[in-house]
Structures are given as structure tokens and as C-alpha cells.
Amino acid sequence: MDYARARLGWFRSMFDVMSLALQTDSTRLITYQVRDSLNGTPINNSTIRERGVPWDLHTITHNGGEEEKLSWWTRIDAWQMEDWVYFLTKLKNMREGNGSVLDHTLALWGTTNGGPAAHYKQDLPALLTGGTALGIRHAGHIACGNRVPLGNLIRTITEKMGVRVDDRFYGGAHSGVIRELT
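Definitions and limits used
Residues numbered from 1 in each chain as written. Predicted model: local features only at pLDDT ≥ 70, side-chain atom pairs only at ≥ 80, totals over all residues. Heavy atoms only, no water. Helix = DSSP H or I, 4+ residues; strand = E, 2+ residues; numbered from the N terminus. Buried < 20%, exposed > 50% of the residue type's maximum accessible area, 1.4 Å probe, protein only. Contact = heavy atoms within 4.5 Å. Phe/Tyr/Trp six-rings, centres within 6.5 Å; stacked < 30°, edge-to-face > 60°. Lys NZ or Arg CZ within 6 Å of the ring centre and 35° of its normal. Salt bridge = Lys/Arg side-chain N within 4 Å of Asp/Glu carboxyl O. Core = buried A, V, L, I, M, F, W, Y, C linked by side-chain atoms within 4.5 Å. Polar contact = N/O pair within 3.5 Å; in protein donor to acceptor, adjacent residues only side chain to side chain.

**Describing the overall build of the protein**
Next up, step 1: Helix and strand content of the protein: five helices and six strands.
Next up, step 2: For the protein, the proportion of its 182 residues judged to be buried stands at 36%.

**Overview of the side chain of Arg 155**
Next up, step 1: As for its position among the elements, Arg 155 is in helix 5 (residues 150–160).
Next up, step 2: Excluding its chain neighbours within four sequence positions, the residues that come into contact with Arg 155 are Val 165, Phe 169, His 174, Gly 176 and Val 177.

**Some points on the packing of aromatic side chains**
Next up, step 1: Under the definition given, this model contains six aromatic pairs.
Next up, step 2: Each ring, one from Trp 84 and one from Phe 87, has its centre 5.5 Å from the other, and the planes form 40°; the classification is tilted. On the criterion of helical spacing, the pair formed by Trp 84 and Phe 87 is a turn pair, its members being three residues apart in helix 4 (residues 67–93).
Next up, step 3: When the ring of Trp 84 is compared with that of Trp 109, the centres are 5.2 Å apart and the planes differ by 55°; the resulting orientation is tilted. Here Trp 84 is found in helix 4, whereas its partner Trp 109 is found in strand 5 (residues 106–110), with 25 residues between them in sequence. The same class applies to Trp 84 as to Trp 109, namely buried.
Next up, step 4: Clustering of aromatic rings is evident, with ring pairs tying together Phe 15, Tyr 32, Trp 84, Phe 87 and Trp 109.
Next up, step 5: Positioned above the aromatic ring of Trp 55, the side-chain terminus of Lys 69 is 5.4 Å from the ring centre.

**A word on helix 5**
Within an α-helix, residues lying three or four positions from one another point in the same direction, as the helix has 3.6 residues per turn.
Next up, step 1: Within helix 5, eight of the eleven residues are buried, which leaves the element mostly enclosed by the surrounding structure.
Next up, step 2: Buried residues of helix 5: Gly 151, Asn 152, Leu 153, Arg 155, Thr 156, Ile 157, Thr 158 and Glu 159, and no others.
Next up, step 3: Of the residues one or two after helix 5, Gly 162 is the one with positive phi, at around 90°.

**So, the pattern of salt bridges**
Next up, step 1: Counted under the stated rule, the structure contains eight salt bridges.
Next up, step 2: Among the salt bridges present, the one from Asp 83 reaches Arg 12, with a minimum N-O distance of 2.7 Å. Pair noted here: Asp 83 is in helix 4 and Arg 12 is in helix 1 (residues 3–23), with a separation of 71 residues, a long-range link.
Next up, step 3: A relative accessible area of 31% means that Arg 12 is categorised as partly exposed.

**Thoughts on unusual backbone geometry**
Next up, step 1: Residue Asp 25 is not a glycine yet carries a positive backbone phi of 60°.
Next up, step 2: Along the chain, Asp 25 turns up in the loop between helix 1 and strand 1 (35–36).
Next up, step 3: For Asp 25, a relative accessible area of 48% gives the class partly exposed.

**Some remarks on the nonpolar core**
Next up, step 1: Phe 15, Trp 84, Phe 87, Leu 88 and Leu 91 are the most contacted members of the largest nonpolar core, which has 14 residues in total.
Next up, step 2: Counting residues per element, the ones that place at least two in this core are helix 1, helix 4 and strand 5.
Next up, step 3: Judged by nonpolar contacts, the second largest core, of eight residues, contains Ile 48, Val 53, Leu 57 and Ile 76.

**Observations regarding the environment of Ser 26**
Next up, step 1: In this structure, Ser 26 sits in the loop between helix 1 and strand 1.
Next up, step 2: Residue classification places Ser 26 among the exposed residues on the basis of a relative accessible area of 58%.
Next up, step 3: Of the polar contacts made by the side chain of Ser 26, one reaches the side chain of Thr 24; its length is 2.7 Å.

Distances and angles like these do not, on their own, reveal function.
See below:
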């Protein structure tokens, strides 16, 4: 297998390891910043070039609203979602108790792709999946606009896992829980 193909398989390999860790109860908390870990560069900088993207990801995130960069960003997001679906499907197919590992796991995908340029702090998209055995009521798309800080989602997850927090949680950048999920 050549280096380019190995790099493309790296992300799914990481999701395989995380799935096994959850299935075997080796851990109940995993954080993973998707990176091209074979060479330590941020996600897909070299991998996306191999797929024909003319810029590195950082340049695309500072797109200035340019249609071509936004089009490539959409493709990159789709590639990443293919790997995310792969991970969620693995968790869904692994049995645990009266359900699946996914039923007993809260899996969150977040990104900085929220605004017209990178590092924008409003309208940050986040996907919360799983957790039905933990009492999460999935409500489909919850449009929060700029009214609800991301800290509310993190607090909702934390409290669903049985950890109570105070006003200092998440640096104080929250205003409560997202009731539609609880």
C-alpha cells in the first residue's frame, strides 16, 4: 500500500480503535481531533491535495466567501462525514446490554465551519448522536441561532453523564442545558 492510500485509511483505523475501546469498556471518554496523523499536519492537508483540492484546509477555512473554496470545503465535509458515518455504524452494530454501543454512547462531531471565515464563534455546527439509553431525546435539527452557546451542548452532555456542574463550567460560557435533548 502506498503512502497516500495509507493516509486515507488512517482516519478509519482511528475510528476502529475508538470503537473497540468503547465496546470493551476500556474507556468511556475519547476525544479525537481528526488530523493527518501519519505526518502530524492538520486534517487532510496532504490527503485533500491527493484528492485534487488546490489549497490546504487552512486556506479554505479563510475563504472570504469565494465560491470555489466553499465548493471544495463542502466536498471535504462530505468526505469527513463518510468516515463519521463509518464510526457510528460500527457503534450501532456492536451490541451492549439491551441495545448497541451507540445507544450507550454520546458521540459529538464539532467543527469551526460556522461562518464566512474560520475561527468564527457563532452558528457552530455540532452533531450529537447516540445516547438513547442515557435518556437523550433526539429532536432532529435544533436551530439555536446565536442564542445558545456551544457550552450549553457540552453542559447537557456532561450532566447526562451524571456529572453536575456549576456556573464556572466551560469557563462560564454557557447559560444552561438544551432542554430539547433532555
